[in-house]
Amino acid sequence: MTDGETLLLVLALIYLSDCLVWVGQAAWAFTGFWTWRLEARRASIHFAALRGGFSTLNPLPPLGTVFLGQVWPLSLGEKGVAPWSRQSPNPGPAVLPAPGAKFVPWDAIQRVSVEEKKLRVNGELFAVLCSKAHAAALAATLETLRHTPPGERAAAIQRVVRRELSARRAKRRAAFFRRATAWLRVWCSAVFFMTFFLLPFAYWLHGDNRRFFFVAGAVWISMWQVAVEFFCLHRRFYPKLRAERWQHLLLSVVLPHYAIRSLDVLSKGWLAGSHPFAVAAALAAPEEFRRFAGRLWRDTVHPVPTGETGDGAEAAESFHAQVFRPLLREALGEDALAGYENPEPDPVEEGDEPVEPAAPAHCPRCHTPYERAGAPCEDCGGIRAM
């Protein structure tokens, strides 16, 4: 293998490793592979200790787009905010608070700040979000709510949650993103083609002579075009994320795989202000949305026990029962809820050999069958089977 072939292989491996996205424990990656319709994916490779894992992306920039969405990481109450919620994806443990985080009354909040994906309240770690943009958006929401008069705070919380569940808002923002990034997608695709097809072909024809370096220079100019286009769009989309903008700009003019995946850096946090339900309703295929919405509603009706007590547990339960669940029911509509609150065991069809008796009990969240009723489901945090 020649030096040029070795370099191309190393570059291809690095690029493929960059086609992974980190998905938190309570988050989904909405990705598209061969159509504009997106699929909701959780981490394929999961690391429990790190509260997340990796999900794969489409390696072809003309076809790939990823939006990250996360269930409510906080519970907003009239008295204060708790650093966890009862909106936990299934299967898996409850969304527990970050180490050391605890319930904070509204009048005790002096400062809300963001450090990368970490949300800090009064300088202390309060929550870890799925993206930097989500952390910034949630910090702005907390700042707004803490300055809201106490008598108007309950209505303000309702408006925030209703806005995040709006499929119309998510669809409108996704359409704007696609229009605004159309030329960036073209340039990313051009860099991809030139790096992995045109450049190796030029090396095969001419070796490392002057003509090859002309082609390499054209690739570098295209990388600069992507970097400048990305910088302008990022400043427009995320004006507060200055460090991320400059870091990616510098890397994009040196390493081609950073330039090729520039669209992902922009898209990850673009729909962070929308709940995954809204993203699925706006961008997923009808069958995919029905599957996702049914699972989300089932998890909402049968939340995982958190084991927390005190004001934080009271705020989490109040937010779940009085705010999130009623608004999700409103967004879904009564006709779509049939069959999810009390799932029945899977029917046994006649003629199957051997015929096994129907299970007497099923977990209400993950539908795991049990030999006896009342058995706890270990995957769902001890919920008793129905």
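Predicted, not measured: the structure shown is a model, and the values here were computed from it.

Asks: Help me out: how do you make sense of the overall build of the chain in this one?
Replies: A tally of helices and strands in the chain yields twelve helices and 16 strands. Within the chain, the proportion of its 386 residues that are buried is 48%. Relative to all contacts within the chain whose residues are 6 or more apart in sequence, the contacts with residues 24 or more apart total 66%. Surface accessibility of the chain: about 19600 Å² in total, with carbon and sulfur atoms responsible for 59%.

Asks: Got a minute to help me understand the side chain of Arg169 in this structure?
Replies: Summarising the element assignment, Arg169 is placed in helix α4 (residues 167-180). It is Glu164 that comes nearest to the buried, bridge-free Arg169 among opposite-charge side chains, at 6.3 Å. If sequence neighbours within four positions are ignored, Arg169 has contacts with Arg163, Gly273 and Ser274.

Asks: For this particular structure, what's the right way to read the packing of helix α6 (residues 210-237) against helix α7 (residues 242-252)?
Replies: In a packed pair of helices, the relevant descriptors are the angle between the two axes and the axis-to-axis distance. The contact between α6 and α7 brings their axes to 9 Å, and the two run at 170°. Between α6 and α7, the angle falls in the class roughly antiparallel. Listed contacts from α7 to Met223, Ala227, Val228, Phe230, Phe231, His234 and Arg235 of α6 are Glu244, Arg245, Trp246, His248, Leu249 and Ser252. Its residues assigned to classes, the contact of α6 with α7 shows seven nonpolar, three polar and three charged.

Asks: Would you explain helix α3 (residues 150-164) in this entry?
Replies: Since the α-helix turns once every 3.6 residues, residues separated by three or four places project in the same direction. With 15 residues, α3 extends 22 Å between its outermost C-alpha atoms, agreeing within 8% with the 21 Å of an ideal straight helix rising 1.5 Å per residue. All of the buried residues in α3 are Arg153, Ala156, Ile157, Val160, Val161 and Glu164. The elements touched by buried residues of α3 are β7 (75-76), α2 (132-146), α10 (276-283) and α12 (311-332).

Asks: For this particular structure, what's the right way to read the sheet that holds strand β2 (residues 27-32)?
Replies: Note: strands within a sheet are paired through backbone hydrogen bonds, in either parallel or antiparallel orientation. As summarised here, the arrangement of the three strands in space is β3-β2-β6, forming an open sheet in which the pairing is antiparallel. Both edges of this open sheet fall to β3 (39-41) and β6 (65-70), since each of them pairs with a single strand only. Averaged over all pairs of adjacent strands, the angle between their axes in this sheet comes to 30°, without regard to strand direction. In terms of strand pairing, β2 meets β6 through six bridges, oriented antiparallel. Residue pairing for β6: Trp28 is matched across the bridge by Gly69.

Asks: I'm lost on the pairing of strand β5 (residues 52-56) in this one. Help?
Replies: Successive side chains on a regular strand alternate, one facing one side of the sheet and the next facing the other. Pairing of strand β1 (residues 20-24) with β5 involves five bridges; the strand directions are antiparallel. In the sheet register, Val21 faces β5, and the bridge partner there is Ser55. Pairing between strand β4 (residues 45-47) and β5: three bridges, direction antiparallel. By the bridge assignment for β5, His46 is matched with Gly53.

Asks: How should I be thinking about the environment of Asp311 in this particular structure?
Replies: For Asp311, the position within the fold is in helix α12. When the C-alpha atoms of Asp311 and Val104 are compared, they prove to be 8.9 Å apart, with 207 residues separating the residues in sequence.

Asks: Which parts of the structure should I look at to understand the pairing of strand β10 (residues 112-115)?
Replies: Relative to strand β11 (residues 118-121), β10 runs antiparallel, the two being bridged by four bridges. Bridge pairing links Glu115 to Lys118 in β11. Hairpin connection from β10 to β11: two residues lie between these consecutive antiparallel strands, with Glu116 at a positive phi of about 55°.

Asks: What is the right way to read unusual backbone geometry from this model?
Replies: Excluding glycine, a negative phi dihedral is what most residues carry, and trans is how most peptide bonds are arranged. Positive phi, close to 55°, is recorded for Glu116, a residue that is not glycine. Structurally, Glu116 can be placed in the loop between β10 and β11.

Asks: Honestly, the pattern of salt bridges in this entry has me stumped. Any pointers?
Replies: Pairing between side chains of opposite charge can happen when their charged atoms approach one another. In this structure the tally under the stated criterion is twelve salt bridges. Glu330 is paired through a salt bridge with Arg162; the nearest N and O atoms lie 3.4 Å apart. With Glu330 in helix α12 and Arg162 in helix α3, the pair connects residues that are 168 residues apart, well separated along the chain. The class for Arg162 is partly exposed, based on a relative accessible area of 37%. Put simply, Glu116, Lys132 and Glu244 are held in one network by salt bridges that share partners.

Asks: Any chance you could explain the environment of Leu125 here in plain terms?
Replies: Within the secondary structure, Leu125 is located in strand β12 (residues 124-128). With 25 residues separating them in the primary sequence, Leu125 and Gly100 have C-alpha atoms 7.4 Å apart.

Asks: Where do I start with a nonpolar patch on the surface in this structure?
Replies: Nonpolar side chains collect at one region of the surface, where Leu20, Ile45, Phe47, Leu50 and Phe54 lie side by side and expose about 440 Å² of accessible area between them. By the secondary structure assignment, Leu20 is in strand β1. Assessed through its relative accessible area of 35%, Leu20 is described here as partly exposed.

Asks: What is the right way to read the nonpolar core from this model?
Replies: A general tendency of soluble globular proteins is for nonpolar side chains to be buried together. Counting residues in each nonpolar core, the largest one holds 81 residues, and the members touching the most others are Phe30, Leu76, Leu119 and Val161. Judged by nonpolar contacts, the second largest core, of eight residues, contains Val23, Ala27, Leu57 and Leu68.

Asks: Whenever I open this one, the sheet that holds β10 confuses me. Can you help?
Replies: Pairing in this open sheet of three strands is antiparallel, and the strands run β10-β11-β12 from one edge to the other. The outermost strands of the open sheet, each flanked by one partner alone, are β10 and β12. Each adjacent strand pair in this sheet contributes to an overall mean axis angle of 35°, direction not counted. Against the sheet, α2 touches β10 and β11, its axis set at about 175° to β10.

Conventions we followed
Residues numbered from 1 in each chain as written. Predicted model: local features only at pLDDT ≥ 70, side-chain atom pairs only at ≥ 80, totals over all residues. Heavy atoms only, no water. Helix = DSSP H or I, 4+ residues; strand = E, 2+ residues; numbered from the N terminus. Buried < 20%, exposed > 50% of the residue type's maximum accessible area, 1.4 Å probe, protein only. Contact = heavy atoms within 4.5 Å. Areas by Shrake-Rupley, 256 points an atom, 1.4 Å probe, with all protein chains shown as cover. Lys, Arg positive; Asp, Glu negative; His and termini not counted. Salt bridge = Lys/Arg side-chain N within 4 Å of Asp/Glu carboxyl O. Axes fitted to C-alpha atoms, helices over the stretch in contact; angles between N-to-C directions. Parallel < 35°, antiparallel > 145°, perpendicular 65-115°, else oblique. Nonpolar A, V, L, I, M, F, W, Y, C, P; charged D, E, K, R; others polar. Expected span 1.5 Å × (residues − 1). Pairing = 2+ DSSP bridges. Patch = residues over 30% accessible without salt bridge, like charges linked within 9 Å, V, L, I, M, F, W, Y side chains within 5 Å. Core = buried A, V, L, I, M, F, W, Y, C linked by side-chain atoms within 4.5 Å.

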